[in-house]
Amino acid sequence: MLTCPNCGISPLAHATRELVYTYKGRTTTIPDVVVEHCAGCKEVMFAQGEHEHYGALVQAFRKQVDAEEGKTIRAMRKQLGLTQHKADQLFGDGEGDFARYEASEAHAPAALVKLLRLLGRHPELLDEVR
Ligand SMILES: [Zn+2]
């Protein structure tokens, strides 16, 4: 049995945990993550090979959240009656930004997402941005 590398005293024991992961305000639970647990110092670390397993599930979740964000940005832009070109001019740093955001090829800045959400609730303020 392996000794805990953190405290160097207690043996490590296998355990299965549910790990909560949050990305862009969305939370998921990664089930059945195999960890090594120290009863002495309470250190918890991934079991061998488990970091890759956990990482793959986290990546899949992030991809899903990003794809949903792209759809949300497209819906908010259309709600404001803007073409991608016009939205790029008003909010983007360059041409093609909204096409990339909506295709989930680029991350929209959080401030932009909040601004679009705000304008969706108060479309009369769009004239202030122009
Ligand atoms: Zn320990």
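Reading the values: rules and limits
Residues numbered from 1 in each chain as written. Predicted model: local features only at pLDDT ≥ 70, side-chain atom pairs only at ≥ 80, totals over all residues. Heavy atoms only, no water. Helix = DSSP H or I, 4+ residues; strand = E, 2+ residues; numbered from the N terminus. Buried < 20%, exposed > 50% of the residue type's maximum accessible area, 1.4 Å probe, protein only. Contact = heavy atoms within 4.5 Å. Areas by Shrake-Rupley, 256 points an atom, 1.4 Å probe, with all protein chains shown as cover. Lys, Arg positive; Asp, Glu negative; His and termini not counted. Charge placed at Lys NZ, Arg CZ, Asp CG, Glu CD. Axes fitted to C-alpha atoms, helices over the stretch in contact; angles between N-to-C directions. Parallel < 35°, antiparallel > 145°, perpendicular 65-115°, else oblique. Left-handed = near helix turned anticlockwise from the far one by under 90°. Nonpolar A, V, L, I, M, F, W, Y, C, P; charged D, E, K, R; others polar. Pairing = 2+ DSSP bridges. Donors = N, O, S within 2.8 Å, 3.2 Å for Na, K, Ca; no water. Tetrahedral: all angles 85-135°; square planar, octahedral: opposite > 155°, others 65-115°. Core = buried A, V, L, I, M, F, W, Y, C linked by side-chain atoms within 4.5 Å.

Named according to an unreviewed UniProt entry, the chain is Type II TA system antitoxin MqsA family protein originating from Massilia consociata.

What about the overall build of the chain?
Helices and strands together make up the secondary structure of the chain, namely five helices and three strands. In the chain, the succession of α and β elements from N to C terminus is β-β-β-α-α-α-α-α. In terms of principal-axis extent, the alpha carbons of the chain reach across some 65 × 25 × 20 Å. Looking at the chain residue by residue over its 130 residues, the buried ones come to 32%. Considering only residue pairs separated by 6 or more positions, the chain has 47% of its internal contacts joining residues 24 or more positions apart. With the model as given, the accessible surface of the chain reaches about 8200 Å², and the carbon-plus-sulfur share is 53%. Distance from the positive charge centre (16 side chains) to the negative charge centre (18 side chains) of the chain: 4 Å.

As for the packing of helix α1 (residues 50–79) against helix α4 (residues 110–121)
Direction vectors running N to C along α1 and α4 enclose 40°, while the axes themselves pass 10 Å from each other. One element, α1, and the other, α4, form an angle in the oblique class. Crossing of α1 against α4: the hand is left-handed. Mapping the contact onto sequence places Glu69, Thr72, Ile73, Met76 and Gln79 in α1 and Val113, Leu116, Arg117 and Gly120 in α4. Residue composition of the contact of α1 with α4, grouped by class: four nonpolar, three polar and two charged.

Quick word on the sheet that holds strand β1 (residues 12–23)
In space, the three strands of this open sheet follow the order β1-β2-β3, with antiparallel pairing throughout. Either end of the sheet is taken by a strand with one partner, and the two such strands are β1 and β3 (44–46). When strand polarity is set aside, the average angle formed by the axes of neighbouring strands in this sheet is 50°. The pairing of β1 with strand β2 (residues 26–38) spans 11 bridges and is classified as antiparallel. Counterpart to Arg17 in the pairing with β2 is Val33. Helix-sheet contacts for α1 involve β1, β2 and β3, and the interaxial angle to β2 is about 175°.

Some details on the coordination of the zinc ion
For the zinc ion, the protein coordination sphere consists of Cys4 (SG), Cys7 (SG), Cys38 (SG) and Cys41 (SG), at 2.2 to 2.4 Å. Coordination at the zinc ion is tetrahedral, judged from the four donor atoms that bind it and the angles of 104 to 117° they form at the metal. Taken in chain order, the donor set of the zinc ion reads C-x2-C-x30-C-x2-C. Classification of Cys4 as buried rests on a relative accessible area of 1%.

Thoughts on the side chain of Asp66
You can see Asp66 is positioned in helix α1. The buried category is assigned to Asp66, whose relative accessible area is 13%. Sequence-distant contacts of Asp66, defined by excluding residues within four places in its chain, comprise Tyr23, Lys24, Ser104 and His107.

Points about the nonpolar core
In this structure, Ile73, Leu82, Phe91, Phe98, Leu112, Leu116 and Leu126 are the most contacted members of the largest nonpolar core, which totals 15 residues. Elements with a minimum of two residues in this core: α1, α2 (84–91), α3 (97–102) and α4. A total of four residues in this core trace back to one element, the largest contributor, which is α4. Among residues more than four places away in sequence, those in contact with Leu116 are Ile73, Met76, Leu80, Phe91 and Phe98. Tyr23, Ile30, Val35 and Val65 belong to the second largest nonpolar core, which has 10 residues in total.

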